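# Fold and contact review
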Amino acid sequence: MYKKPSEHQISIFDFNQSCGTPLDENNEWVRLANAIDWTSLEKVYASLFPSHEGRQAFPLRVALGALIIQKREGLSDRRLVKEVAQNPYYQYFIGMDRFSDTCPFKPTVLVYFRRRLDSRFLMMANEEYLAAGAATPEHAGDKPEKSADGENVGTFILDATCSPSNIKYPQDFVLLNDAREKLEEMIDYFHHQYHPWTKPRTYRRRARKEYLAMAKAKKTPDEEAPEPDP
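All of these numbers come straight from a predicted model, not from anything done at the bench.

Our focus in this paragraph is the confidence of the model for the chain. Confidence in the prediction for the chain averages 75 pLDDT; 66% of positions are at 70 or higher. Confidence, read as mean pLDDT per element, is least for helix 10 (residues 221–224) in the chain (55) and greatest for helix 4 (residues 77–86) (93). For residues 134–139, every residue scores under 50 in pLDDT, and the model assigns this stretch 3 contacts once sequence neighbours within four places are set aside.

This is how it looks when you write it as structure tokens:
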């Protein structure tokens, strides 16, 4: 069973602390709470509870707010409950109207929060949050950024799947060659600094030659080798 909260969306001036110190309006959790339209999300959240019987569920702001805090801060269920009980900004973010030294929910309840707020609902909540915020300068418009003299200073990529990635496969022999060259530099450095006698042979020319031959080949030796009989 779910019952919509009757109170309006609180502000930092409505939040009552025992010491009387007001919340900082520039705090990240205050700004994030004000950027999310909790009221519109509340209507969708209420539709997830068709039955009017049973134990009353927690409000959306408590459930979704707790999951957002846990995700952003990387907290476990028990640690989240402890942090909410100590942090007034966390309590304001989840919709509490006054500071309390106890958390309104227990660690076991978070399992039901995650089960109720599925990926579809979280995607919609994310869209609501992005729509509330203004676009950053690098994402405003569809043209490359330009410097003061009119020259392009970057490339705007629309398709995320086409983003450049400087990642090599673990089996790439280029990684082995890079490691060999760095090791040779280390040998040269330590020999020059601490060992004035004859430097041991590293066969770097031979290794370089074999690496270039493999790089120019269409197939690596592993690909050319025949498969063993079953």
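When we look at burial in helix 2 (residues 38–46), the residues that qualify are Trp-38, Leu-41, Glu-42, Tyr-45 and Ala-46. Down the axis of helix 2, the smallest arc covering the buried residues is 135°, so these residues share one side.

Our next topic: the side chain of Arg-180. Following the sequence through the fold, Arg-180 ends up in helix 8 (residues 173–194). Exposure remark for Arg-180: the relative accessible area of 18% places this residue in the buried category. In this structure Arg-180 touches Arg-204, Ala-207 and Arg-208, once residues within four positions along its chain are discounted.

Residues Leu-183, Met-186, Tyr-189, Phe-190 and Tyr-194 make up a contiguous nonpolar surface patch of about 550 Å² in total accessible area. In this fold, Tyr-189 is placed in helix 8.

This part takes up helix 1 (residues 28–35). Burial in helix 1 covers these residues: Trp-29, Val-30, Leu-32 and Ala-33. Along the axis of helix 1, the buried residues cluster in a sector spanning 165°; they form a single face. For helix 1, the N-terminal cap is Asn-27; the gap from its side-chain oxygen to the backbone nitrogen of Trp-29 is 2.8 Å.

Bringing the pattern of salt bridges into the picture now. Evaluation of the coordinates by the stated rule reveals 8 salt bridges. With its nearest N and O atoms 3.0 Å apart, the salt bridge here joins Arg-114 to Asp-77. Of this pair, Arg-114 sits in helix 6 (residues 109–116) while Asp-77 sits in helix 4, and the two are 37 residues apart along the sequence. Of the residues examined, Arg-114 reaches a relative accessible area of 38% and is grouped as partly exposed. Taken together, the shared-partner salt bridges connect Arg-180, Glu-181, Glu-184 and Arg-208 into one network.

We now examine the packing of helix 2 against helix 3 (residues 60–73). Axis separation between helix 2 and helix 3 bottoms out at 10 Å; the angle between their running directions is 105°. Judged on the interaxial angle alone, helix 3 and helix 2 are roughly perpendicular. Within the contact between the two elements, helix 2 uses Trp-38, Leu-41, Glu-42 and Tyr-45 and helix 3 uses Leu-60, Arg-61, Ala-63, Leu-64 and Gly-65. Here the contact of helix 2 with helix 3 is composed, by residue class, of 6 nonpolar, 1 polar and 2 charged.

A word on the environment of Arg-31. Along the chain, Arg-31 turns up in helix 1. For the pair Arg-31 and Phe-93, spaced 62 residues apart in the sequence, the C-alpha separation amounts to 9.4 Å. Residue contacts for Arg-31: discarding those within four places in its chain leaves Glu-25 and Asn-26. At a separation of 3.1 Å, a polar atom in the side chain of Arg-31 contacts the main-chain carbonyl oxygen of Asn-26.

Calculation rules
- Residues numbered from 1 in each chain as written.
- Predicted model: local features only at pLDDT ≥ 70, side-chain atom pairs only at ≥ 80, totals over all residues.
- Heavy atoms only, no water.
- pLDDT = per-residue confidence, 0-100.
- Helix = DSSP H or I, 4+ residues; strand = E, 2+ residues; numbered from the N terminus.
- Contact = heavy atoms within 4.5 Å.
- Buried < 20%, exposed > 50% of the residue type's maximum accessible area, 1.4 Å probe, protein only.
- Arc of directions from axis to C-beta.
- Patch = residues over 30% accessible without salt bridge, like charges linked within 9 Å, V, L, I, M, F, W, Y side chains within 5 Å.
- Areas by Shrake-Rupley, 256 points an atom, 1.4 Å probe, with all protein chains shown as cover.
- Salt bridge = Lys/Arg side-chain N within 4 Å of Asp/Glu carboxyl O.
- Polar contact = N/O pair within 3.5 Å; in protein donor to acceptor, adjacent residues only side chain to side chain.
- Axes fitted to C-alpha atoms, helices over the stretch in contact; angles between N-to-C directions.
- Parallel < 35°, antiparallel > 145°, perpendicular 65-115°, else oblique.
- Nonpolar A, V, L, I, M, F, W, Y, C, P; charged D, E, K, R; others polar.

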